[in-house]
Amino acid sequence: MVHRMLPWLVAVFAFALIACETPAGSPADVGTRQPTATPTPTPTPTPTPTPTPTPVPLAALPAAELARAMQAALVEARSFHVEMDMGMTVTAQGLTLKVPFELAGDYQYPDRMKGKFSASLFGFVIESEFVQIGPTSWVKDPQTGKWQKSTSESGVAPFSPDDFLGDEFLSGDNAPVTALSVVGLEVLDGTQVWHYAAVIPASKLDLEGGELKFDMYIGAQDRLPRKLTMKGEVDLGAQGTGAAELPVPTGPAKFDLTMTLSKFGVPVEISPP
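Now for a look at the structure at hand. All values derive from a computational prediction rather than experimental measurement.

Side note on the overall build of the protein chain
Step number 1: Tallying secondary structure elements over the protein chain gives 3 helices and 12 strands in all.
Step number 2: Considering only intrachain contacts with a sequence separation of at least 6, the fraction spanning at least 24 residues in the protein chain is 52%.
Step number 3: With an accessible surface of roughly 17,800 Å², the protein chain has 57% of that area assigned to carbon and sulfur atoms.

Rendered as structure tokens:
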């Protein structure tokens, strides 16, 4: 179910600043006065700043060790905030359709997540909220605002950390990522990170299409994942994509996903709605 989303109203506020002038003093009798010598101020020595030592990054790890190190770091943090932007651009029969999807939420180990998401289609916007606690989940009906409860092993949360960061994704026998390489040491939002990259065949993700470019940025000091990106071309007409359930053209689609993680260890409360 969808509902029409009204355009955002941008409010512009103007602030007036009033400057107050102080009346100048009278120049009378200036010529009859003797100039008064102004004492030379004693210069204050400028303190020498103490240099901040540059943290020594931990060594980059191969995929299998990296997956275990990231999982251990996330378990120790206990919680994190995630934001995901995903876009699909489909071109078929002379029609180009862009479908953006945005999600923001919080994850709490071992199996709790809550968040909000929105997607646009033909000028309509779908917005909803979800809560996942173990096998039990709740989704807010975007039309009525009522929560709907369900129980299943898959749940409604769009992902779990293991989907992108675990052994089964990065280093298992059937892992989509088969050749994760180290690009180098970089700085992301003021934090030193190791940049890893790989190319994933779409078939490894049960999709038809070419290869997807996968990049991940991992904290060089704490092994915490900061950012993941995936982009490429997939076929929405292929079996398993669910495209037949959506009123969109089928065929090749450009896929672009960016996921950022932050607020590691910040307490969150995830309870039934």
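Focus: the nonpolar core
Step number 1: Membership of the largest hydrophobic core comes to 47 residues, with the highest contact counts inside it found for Phe214, Met216 and Met259.
Step number 2: It is helix H1 (residues 63–77) that provides the largest number of residues to this core, a total of 7 residues.

Brief notes about the packing of aromatic side chains
Step number 1: In the structure shown here, the tally under the stated rule is 6 aromatic pairs.
Step number 2: With centroids separated by 5.9 Å and ring planes inclined at 25 degrees, the aromatic side chains of Phe101 and Phe117 adopt a geometry described as stacked. Placement of the pair is Phe101 in strand E2 (residues 95–108) and Phe117 in strand E3 (residues 112–121), with a sequence separation of 16 residues.
Step number 3: Measuring from centroid to centroid gives 6.3 Å for Phe117 and Phe130, while their planes differ by 35 degrees, and the two rings are tilted. Here Phe130 lies in strand E4 (residues 124–133) and Phe117 lies in strand E3, a separation of 13 residues in the sequence.
Step number 4: The positively charged end of Lys227 is found above the aromatic ring belonging to Tyr217, 5.8 Å away from the centroid.

Cut-offs and rules
Residues numbered from 1 in each chain as written. Predicted model: local features only at pLDDT ≥ 70, side-chain atom pairs only at ≥ 80, totals over all residues. Heavy atoms only, no water. Helix = DSSP H or I, 4+ residues; strand = E, 2+ residues; numbered from the N terminus. Contact = heavy atoms within 4.5 Å. Areas by Shrake-Rupley, 256 points an atom, 1.4 Å probe, with all protein chains shown as cover. Core = buried A, V, L, I, M, F, W, Y, C linked by side-chain atoms within 4.5 Å. Buried < 20%, exposed > 50% of the residue type's maximum accessible area, 1.4 Å probe, protein only. Phe/Tyr/Trp six-rings, centres within 6.5 Å; stacked < 30°, edge-to-face > 60°. Lys NZ or Arg CZ within 6 Å of the ring centre and 35° of its normal.

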